[in-house]
Amino acid sequence: MQVTGKDRELLALLGENARMPVATLAKKLSLSRTTVQARLERLEREGVIAGYGVRLSEAYLSGLIRAHVLITIAPKALSAVTASLDAIHAVTTLHSVSGSFDLIAIVAAPSISELDQLIDEIGKIDGVERTLSSIILSTRIAR
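Fair warning: this is a prediction, and the values are worked out from it, not measured in the lab.

Asker: Would you explain the nonpolar core in this entry?
Answerer: Most often, soluble globular proteins keep nonpolar side chains buried together rather than apart. In terms of nonpolar packing, the biggest core is built from 20 residues, with Ile71, Val81, Leu85, Val107 and Ile122 touching the most fellow members. Elements that contribute at least two residues to this core include exactly β1 (65-73), α5 (78-86), β3 (103-109) and α6 (112-123). Beyond its immediate sequence surroundings of up to four residues, Val107 is in contact with Ile65, Arg66, Ala67, Val69, Ala90, Val91, Thr92, Leu115, Leu118 and Ile122. Grouped together as the second largest cluster of nonpolar side chains are twelve residues, Leu14, Met20, Val22 and Leu29 included.

Set out below in structure tokens:
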């Protein structure tokens, strides 16, 4: 998969606003509309762009209590634990990591008590041996 400098510029613009019209993208990139459309189609076809989504405002996110939950799992339990975590909609991101923990889940809940229940729910999943949680106080950089 070949990603050029212009492709990266296009991806950065889409990262700011995935609903930006192709004509606006073309103008910002100093390319023709047809060229930008062709690049988008190629990036989608090659799997560089897997889809388009919603980026929530900081005002909305600030109303949620978010946390990193570090998770240690039992040997050979990764796929079952991942499937269980995938079924919990409050788990917004799941990372496999190196070190003393196996996974880091980013979770969001509307209150501390609901976050507490969520962390308990994660700890009860078969194959989860231990969790360690850190509440996110603020986000300094988000791209």
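Asker: Whenever I open this one, the domain arrangement of the chain confuses me. Can you help?
Answerer: Partitioning the chain into domains gives domain 1 (5-46) and domain 2 (58-136). Computed from C-alpha coordinates alone, the two centres of domain 1 and domain 2 are separated by 35 Å.

Asker: Which parts of the structure should I look at to understand the side chain of Arg66?
Answerer: Mapped onto the elements of the fold, Arg66 is located in strand β1. Under the relative-accessibility criterion, Arg66 is labelled buried at 16%. There is a polar contact of 3.1 Å between the side chain of Arg66 and the side chain of Thr139. Leaving out residues up to four positions away in the same chain, Arg66 has contacts with Glu58, Leu61, Val107, Ala108, Ser134, Ile135, Ile136 and Thr139.

Asker: Sorry if this is basic, but what is going on with the sheet that holds strand β4 (residues 128-135) here?
Answerer: In a beta sheet, neighbouring strands are held together by backbone hydrogen bonds and run either parallel or antiparallel to one another. Read from one edge to the other, the open sheet built from four strands follows the order β2-β3-β1-β4, with strand pairing classed as antiparallel. Strands at the two margins of the open sheet, each flanked by one partner only, are β2 (91-96) and β4. Sheet twist, expressed as the average angle between the axes of neighbouring strands with direction ignored, equals 20°. Sheet topology places β1 next to β4; seven bridges connect them, and they run antiparallel.

Asker: Just to check I follow, could you spell out helix α1 (residues 5-16) for this structure?
Answerer: Because an α-helix packs 3.6 residues into every turn, residues spaced three or four apart end up facing the same way. The end-to-end C-alpha separation of α1 is 17 Å, in line with the 16 Å expected for twelve residues at 1.5 Å each. By the burial criterion, the buried members of α1 are Asp7, Leu10, Leu13 and Leu14. Each buried residue of α1 lies within a common arc of 120° when the element is viewed along its axis, so the set occupies one face. Elements in contact with the buried residues of α1: α2 (22-29) and α3 (33-45).

Rules used in this analysis
- Residues numbered from 1 in each chain as written.
- Predicted model: local features only at pLDDT ≥ 70, side-chain atom pairs only at ≥ 80, totals over all residues.
- Heavy atoms only, no water.
- Core = buried A, V, L, I, M, F, W, Y, C linked by side-chain atoms within 4.5 Å.
- Buried < 20%, exposed > 50% of the residue type's maximum accessible area, 1.4 Å probe, protein only.
- Helix = DSSP H or I, 4+ residues; strand = E, 2+ residues; numbered from the N terminus.
- Contact = heavy atoms within 4.5 Å.
- Domains from an automatic or database assignment.
- Polar contact = N/O pair within 3.5 Å; in protein donor to acceptor, adjacent residues only side chain to side chain.
- Pairing = 2+ DSSP bridges.
- Axes fitted to C-alpha atoms, helices over the stretch in contact; angles between N-to-C directions.
- Expected span 1.5 Å × (residues − 1).
- Arc of directions from axis to C-beta.

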